[in-house]
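# Residue-level structural notes
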Amino acid sequence: MDLEEQYDKIYRYCYFKVHQRETAEDLTQETFLRFLDSSDYVNTGKALQYLYTIARNLCVDEYRKNKTEVLDKDVEEVADNHSETDMITRISVKMALEKLEEADRELLLLRYVNEVPVSVICKLYGISRFAVYRRLSQAAKGLKSKLGEEDFT
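Quick notes on the rules
- Residues numbered from 1 in each chain as written.
- Predicted model: local features only at pLDDT ≥ 70, side-chain atom pairs only at ≥ 80, totals over all residues.
- Heavy atoms only, no water.
- Salt bridge = Lys/Arg side-chain N within 4 Å of Asp/Glu carboxyl O.
- Helix = DSSP H or I, 4+ residues; strand = E, 2+ residues; numbered from the N terminus.
- Buried < 20%, exposed > 50% of the residue type's maximum accessible area, 1.4 Å probe, protein only.
- Expected span 1.5 Å × (residues − 1).
- Contact = heavy atoms within 4.5 Å.
- pLDDT = per-residue confidence, 0-100.
- Axes fitted to C-alpha atoms, helices over the stretch in contact; angles between N-to-C directions.
- Parallel < 35°, antiparallel > 145°, perpendicular 65-115°, else oblique.
- Nonpolar A, V, L, I, M, F, W, Y, C, P; charged D, E, K, R; others polar.

Between side chains of opposite charge, pairing is possible as soon as their charged atoms come close. Inspection of every chain in the model, using the stated rule, returns nine salt bridges. Taking the shortest distance from any N to any O, the salt bridge between arginine 34 and glutamate 30 comes out at 2.8 Å. Here glutamate 30 and arginine 34 lie together in helix α2 (residues 21-37), a separation of four residues that amounts to about one turn. Overall, the relative accessible area of 29% leaves glutamate 30 in the partly exposed class. As a salt-bridge pair, arginine 56 and glutamate 106 come within 2.6 Å of each other at their nearest N and O atoms. Here arginine 56 is found in helix α3 (residues 47-65), whereas its partner glutamate 106 is found in helix α6 (residues 102-113), with 50 residues between them in sequence.

This is the structure we're talking about:
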């Protein structure tokens, strides 16, 4: 397992959960510190599953600490770096994702953004491969309906 590649993916996962760059960086760093501190799972072939479990638990703890709503600065950052069409697309996708259930958003992020293998997702959620594929399909259909057929090509 390439830790540098996983670092970026864990950061995206944490950012998706907490919506704050600095907090996501701190959570990512803490995830890897805890991961490297405990070598029990590293040698059992469950390293990726353990890494995401640590990240998920830290994000939940952070959410419990800060139940206040945080303003999102992504729109300003996107406006500086992308064309108007790209910005509109990103905002549309983000709004559609926010309308999905938290579990569906997390599942789509893990599988399609972070490219986590289905076998690892099965172990994380404690469900079968069939159930993972079914939930992914349902989440994708939900996202497609939120975006509208013409926007989801």
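Next, the rest of the story.
What follows is about α3. In an α-helix there are 3.6 residues to a turn, and that puts residues three or four apart on one side. Helix length check: α3, at 19 residues, gives a terminal C-alpha distance of 27 Å against a target of 27 Å (1.5 Å per residue), a fit within 8%. When α3 is considered as a whole, its buried residues turn out to be Ala47, Leu48, Gln49, Tyr50, Leu51, Tyr52, Ile54, Ala55, Leu58, Cys59 and Glu62. In this structure, the buried residues of α3 make contact with α1 (3-18), α2, α6 and α7 (118-125).

Mean pLDDT for the protein chain: 80, with 82% of residues reaching 70 or above. The secondary-structure element of the protein chain with the lowest mean pLDDT is helix α4 (residues 74-81), recorded at 48, while α2 shows the highest, at 91. Confidence drops under pLDDT 50 across residues 68-76; counting only partners more than four residues distant or on other chains, this segment forms eight contacts. Here residues 149-153 scores under 50 on pLDDT; set against residues more than four positions off or in separate chains, the count is four contacts.

Here the focus is unusual backbone geometry. For histidine 19, which is not glycine, the phi dihedral falls at a positive 60°. Histidine 19 gets classed as partly exposed once you look at its relative accessible area, which sits at 38%. The phi dihedral of glutamate 115 is positive, around 55°, even though this residue is not glycine. Counting through the fold element by element, glutamate 115 comes out in the loop between α6 and α7.

Attention shifts here to the packing of α6 against helix α8 (residues 129-147). Running from N to C, α6 and α8 point in directions that differ by 105°, and their axes come no closer than 9 Å. In terms of orientation, α6 and α8 fall into the roughly perpendicular class. Each of Ala103, Asp104, Leu107, Leu108, Arg111 and Tyr112 in α6 lies in contact with α8, whose residues at this interface are Val132, Arg135, Leu136, Ala139, Ala140 and Leu143. Across the contact of α6 with α8, the residue classes break down as nine nonpolar, no polar and three charged.

A few words on the environment of lysine 46. Among the secondary structure elements, lysine 46 is positioned in the loop between α2 and α3. A residue is classified by how much of its surface remains accessible, and lysine 46, at 39% relative accessible area, is partly exposed. Sequence separation between lysine 46 and lysine 123 is 77 residues; the distance between their C-alpha atoms is 9.1 Å.

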